[in-house]
Amino acid sequence: MTKDWFLEDEDDIFVGSPKSKYFDIASQANEEIVQDEMDKLVEKLAVMEMMLSQDKDVDFDINNVVKQYVFENMDKVEEMKRGLYIELTGDIVCRLDS
């Protein structure tokens, strides 16, 4: 089943990529909520980097490891990014009502 692009509603919140929807909502949401959610994301990233770097020597370059993984797993990484954008958008939207 195909969807005709000309039948899409411009105001439909589901039109566009998860990334574009995140930025649409984040730019309109309360700045404090967006900053708090971004801080949670950075904290999660910090923990993941610490876990990945644990027991590695001082020459370990996490950025090269990440770049190599992206290169070898581009489709999986893009799929995960879409899911994370949806999760982040949902976290912001859920907090708007509280």
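On a predicted model such as this, the values are computed, not experimentally measured, just so you know.

Asker: Describe the layout of surface pockets, naming the residues involved and giving the relevant values.
Answerer: The space that makes up the largest pocket amounts to roughly 1000 Å³. Lining the largest pocket are 25 residues, and of these L45, M48, M80, K81 and L84 sit closest to its centre. Within the residue set of the lining of the largest pocket, elements represented by two or more residues are α2 (31-53), α3 (62-72) and α4 (74-96). Here the element with the most residues in the lining of the largest pocket is α2; it accounts for 10 residues.

Asker: Please give an account of the nonpolar core that cites residues and values.
Answerer: Inside soluble globular proteins, nonpolar side chains tend to come together where they are buried. Within the largest apolar cluster, 8 residues are counted, these being Y22, A26, A29, I33, V34, Y85, L88 and I92. At the level of elements, α1 (18-28), α2 and α4 are the ones that each hand at least two residues to this core. Of the residues forming this core, the biggest block, 3 residues, is contributed by α4. Contact partners of A29, with chain neighbours within four places excluded, come to V34, I92 and L96.

Asker: Lay out a nonpolar patch on the surface with the relevant residues and their values.
Answerer: Nonpolar side chains collect at one region of the surface, where M38, L41 and V42 lie side by side and expose about 240 Å² of accessible area between them. Examined against the element boundaries, M38 turns out to sit in helix α2. A relative accessible area of 39% means that M38 is categorised as partly exposed.

Asker: Describe α4, and please don't skip the residues or the numbers.
Answerer: Helical geometry: 3.6 residues make up each α-helical turn, so side chains three or four residues apart lie on a common side. Between the first and last C-alpha of α4 there are 33 Å, a value that for 23 residues agrees with the 33 Å anticipated at 1.5 Å per step. Those residues of α4 that sit buried are V77, Y85, L88, T89 and I92. Buried residues along α4 sit against α1, α2 and α3.

Asker: I'd love a proper account of the environment of V93, names of residues and values included.
Answerer: Looking at where V93 falls in the secondary structure, it is placed in helix α4. Judged by relative accessible area, which is 35%, V93 ranks as partly exposed. With 60 residues separating them in the primary sequence, V93 and I33 have C-alpha atoms 9.5 Å apart.

Asker: Go over the packing of α1 against α4, please, and point to the residues and values.
Answerer: α4 packs onto α1 with a crossing angle of 25° between their chain directions and a minimal axis gap of 8 Å. In terms of axis orientation, α1 runs roughly parallel to α4. By crossing handedness, the relation of α1 to α4 is classed as left-handed. On α4, the residues that touch P18, K19, K21, Y22, F23, I25 and A26 of α1 are R82, Y85, I86, L88, T89, I92 and V93. When its residues are assigned to classes, the contact of α1 with α4 shows 10 nonpolar, 1 polar and 3 charged.

Asker: Describe the packing of aromatic side chains, with residues and values.
Answerer: Here the structure, examined in full by the defined rule, presents 3 aromatic pairs. Both rings, one in Y22 and one in F23, keep their centres 5.0 Å apart while their planes meet at 80°; by these two values the pair is edge-to-face. Exposure remark for Y22: the relative accessible area of 7% places this residue in the buried category. Taking the relative accessible area as the measure of exposure, F23 reaches 44% and is therefore partly exposed. Look at Y22 and Y85: their rings are 5.7 Å apart centre to centre, the planes differ by 50°, and that puts the pair in the tilted class. Residue Y22 is located in helix α1, and its partner Y85 is located in helix α4; the two are separated by 63 residues in the primary sequence. Using a relative accessible area of 18% as the deciding quantity, one classes Y85 as buried. Taking the ring centre of F60 as reference, the NZ or CZ of K56 above it sits at 5.6 Å.

So, how was this worked out
Residues numbered from 1 in each chain as written. Predicted model: local features only at pLDDT ≥ 70, side-chain atom pairs only at ≥ 80, totals over all residues. Heavy atoms only, no water. 1 Å grid on protein atoms, 1.4 Å probe; cavity = no way out; pocket = protein on both sides within 12 Å on 5 of 7 lines; lining within 4 Å. Points joined across faces, edges and corners; volume = space filled by probe spheres on them. Helix = DSSP H or I, 4+ residues; strand = E, 2+ residues; numbered from the N terminus. Core = buried A, V, L, I, M, F, W, Y, C linked by side-chain atoms within 4.5 Å. Buried < 20%, exposed > 50% of the residue type's maximum accessible area, 1.4 Å probe, protein only. Contact = heavy atoms within 4.5 Å. Patch = residues over 30% accessible without salt bridge, like charges linked within 9 Å, V, L, I, M, F, W, Y side chains within 5 Å. Areas by Shrake-Rupley, 256 points an atom, 1.4 Å probe, with all protein chains shown as cover. Salt bridge = Lys/Arg side-chain N within 4 Å of Asp/Glu carboxyl O. Expected span 1.5 Å × (residues − 1). Axes fitted to C-alpha atoms, helices over the stretch in contact; angles between N-to-C directions. Parallel < 35°, antiparallel > 145°, perpendicular 65-115°, else oblique. Left-handed = near helix turned anticlockwise from the far one by under 90°. Nonpolar A, V, L, I, M, F, W, Y, C, P; charged D, E, K, R; others polar. Phe/Tyr/Trp six-rings, centres within 6.5 Å; stacked < 30°, edge-to-face > 60°. Lys NZ or Arg CZ within 6 Å of the ring centre and 35° of its normal.

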